[in-house]
Amino acid sequence: MKYVYVHWKHERAEEPSHLWYEIADDTFQNRTIEFYADGSVGFALRGEAADGSDDLEIGGTRNSTEGFPNVEEINSDREFEALEITAAEFNQQWRKALASPRHMTGFFTIAIDGPAGAGKGTLARRLADHYRLNLLDTGLTYRAVAHALIQHALPLDNVSAAETAARQVDMAKLDRAVLSAHAIGEAASKVAVYPTVRRILVEKQRAFARTPPGAVLDGRDIGTVVCPDADIKLYVTASAEVRAKRRLAEIESIGGTANFAEILADIVRRDERDMGRADSPLKPAADAHLLDTSEMAIEAAFLAAMAIVDDALARRNKA
Ligand code: DC
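Residues numbered from 1 in each chain as written. Predicted model: local features only at pLDDT ≥ 70, side-chain atom pairs only at ≥ 80, totals over all residues. Heavy atoms only, no water.

Is there a simple way to explain the nonpolar core in this structure?
Side chains that are nonpolar tend, in soluble globular proteins, to be buried together. In terms of nonpolar packing, the biggest core is built from 31 residues, with Val145, Leu174, Leu201, Leu217 and Cys227 touching the most fellow members. Listed by contribution, the elements that provide at least two residues to this core are helix 3 (139–151), helix 4 (159–167), helix 6 (182–191), helix 7 (195–209), strand 9 (214–219) and helix 8 (222–226). Top element by residues in this core is helix 3. It accounts for six residues. Among the domains, domain 2 (107–133 + 213–319) and domain 3 (140–211) are the pair contributing at least three residues each to this core. One finds Leu123, Leu291, Ala305 and Met306 within the second-largest nonpolar core, a separate group that totals 24 residues. (Core = buried A, V, L, I, M, F, W, Y, C linked by side-chain atoms within 4.5 Å. Buried < 20%, exposed > 50% of the residue type's maximum accessible area, 1.4 Å probe, protein only. Helix = DSSP H or I, 4+ residues; strand = E, 2+ residues; numbered from the N terminus. Domains from an automatic or database assignment.)

Quick look at the structure:
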């Protein structure tokens, strides 16, 4: 582990505050930079090269200005001073930074909805990392109910068993590795039509969202039902064909084989069930920002989402 203190000396007073940018060199972890409205800010960072090398290149940022048109040239090396420091010094800087009154304070909720395979999960993870919010993939809660029924060889339309399973869902123990199987997703979409099951899970999801400092939640009904007062609502979508192509590529990337037409049919069927159910169907909230990722890489979607969030934060800070 190498500890680095970066002082960022940019001087533009018009900078909105409370923005977090990553040093985007992919070989580093925990690489967050914060800068503030007074234009005088630097920040403490911890850089650890994933490849174990000692080669730190703190000036090597990219993407920082994208989605943030008023800022130019913040990539410029000369605006940085990077010093290698001891762990104790780092911890001191880090604590100071976290205690800063300009650190993102208060409560913040980002609601992300959209159909299966649109990229909302990845986007939610990136946003939660970036803004240091808790993260909940609410699909996992429905998957956990389906999984419990399957494990006990119970039919998916056994509503009282599904309610019991929903009550037993432990939000701290949602095991993505177990729950991510395709068949469980299908089954989850079936148990998700029952209003009583939904009510039990929605209560748990709301309690999660209320936990400081707030959360990014992704699902189907977050902006409409679970967190109707979310600070930011995003509706992430992509054409069924693009989603099917992505899923096929994903399967092939891990050495599997699949049939495009079958995947597409699956996706269309799942969309119909999720959008067509009577209780909390998948649809954009009236005040959601729409992000169509059909022709957009995840990085571009992240930058677009980040611009929306930064804008809301800047407005909130001015208020
Ligand atoms: O996002 P996912 O594929 O893990 O979701 C699985 C199913 O769970 C989805 O097809 C419908 C249901 N679901 C829901 O009804 N409401 C949510 N907020 C999240 C998921």
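More follows now that the structure is in view.
Looking at this structure, I do not really get the site of the ligand. What am I missing?
Among the 15 residues in the neighbourhood of the ligand, the closest are listed as Arg143, Arg198, Arg270, Asp274 and Arg277. Contact distances for the ligand include 2.6 Å between an oxygen atom and a side-chain N or O atom of Arg143. A distance of 2.8 Å separates a nitrogen atom of the ligand from a polar side-chain atom of Asp221. Protein chains shield 96% of the accessible area of the ligand, which is 450 Å² for the free molecule. A molecule is said to occupy a pocket when more than half its atoms come within 2 Å of that pocket's grid points, and by this definition the ligand occupies the largest pocket. Looking at the shell around the ligand, the elements with two or more residues in it are helix 3, helix 6 and helix 10 (260–276). Examining the composition of the shell around the ligand, we find that three residues originate from one element, helix 3, more than from any other. Looking at side-chain class alone, the shell around the ligand contains three nonpolar, four polar and eight charged residues. Domain assignment of the residues forming the shell around the ligand places at least three in each of domain 2 (107–133 + 213–319) and domain 3 (140–211). (Near = heavy atom within 4 Å. Polar contact = N/O pair within 3.5 Å; in protein donor to acceptor, adjacent residues only side chain to side chain. Areas by Shrake-Rupley, 256 points an atom, 1.4 Å probe, with all protein chains shown as cover. 1 Å grid on protein atoms, 1.4 Å probe; cavity = no way out; pocket = protein on both sides within 12 Å on 5 of 7 lines; lining within 4 Å. Sits in = over half its atoms within 2 Å of the grid points. Nonpolar A, V, L, I, M, F, W, Y, C, P; charged D, E, K, R; others polar.)

How do you make sense of the packing of aromatic side chains when you look at a structure like this?
Ring pairs (aromatic) are described by centroid distance and by the angle formed between their planes. Counted under the stated rule, the structure contains zero aromatic pairs. Looking at Arg126, its charged tip hangs above the ring of Phe302, at a distance of 4.0 Å from the centre. (Phe/Tyr/Trp six-rings, centres within 6.5 Å; stacked < 30°, edge-to-face > 60°. Lys NZ or Arg CZ within 6 Å of the ring centre and 35° of its normal.)

Looking at this structure, I do not really get empty space enclosed by the protein. What am I missing?
Rolling a probe over the atoms, with the probe sized like a water molecule, indicates the empty space that remains. Under the criterion given, the structure shown has two cavities of 30 Å³ or more. The computed volume of the second largest cavity comes to approximately 30 Å³. As for the second largest cavity, its lining consists of Ala111, Asp113, Gly223, Lys233, Leu234, Tyr235, Pro284, Ala285 and Ala288. If you list the elements that add at least two residues to the lining of the second largest cavity, you get strand 7 (108–113) and strand 10 (232–237). When residues of the lining of the second largest cavity are assigned to their parent elements, the largest contribution, three residues, is made by strand 10. By residue class, the composition of the lining of the second largest cavity is six nonpolar, one polar and two charged. (Points joined across faces, edges and corners; volume = space filled by probe spheres on them.)

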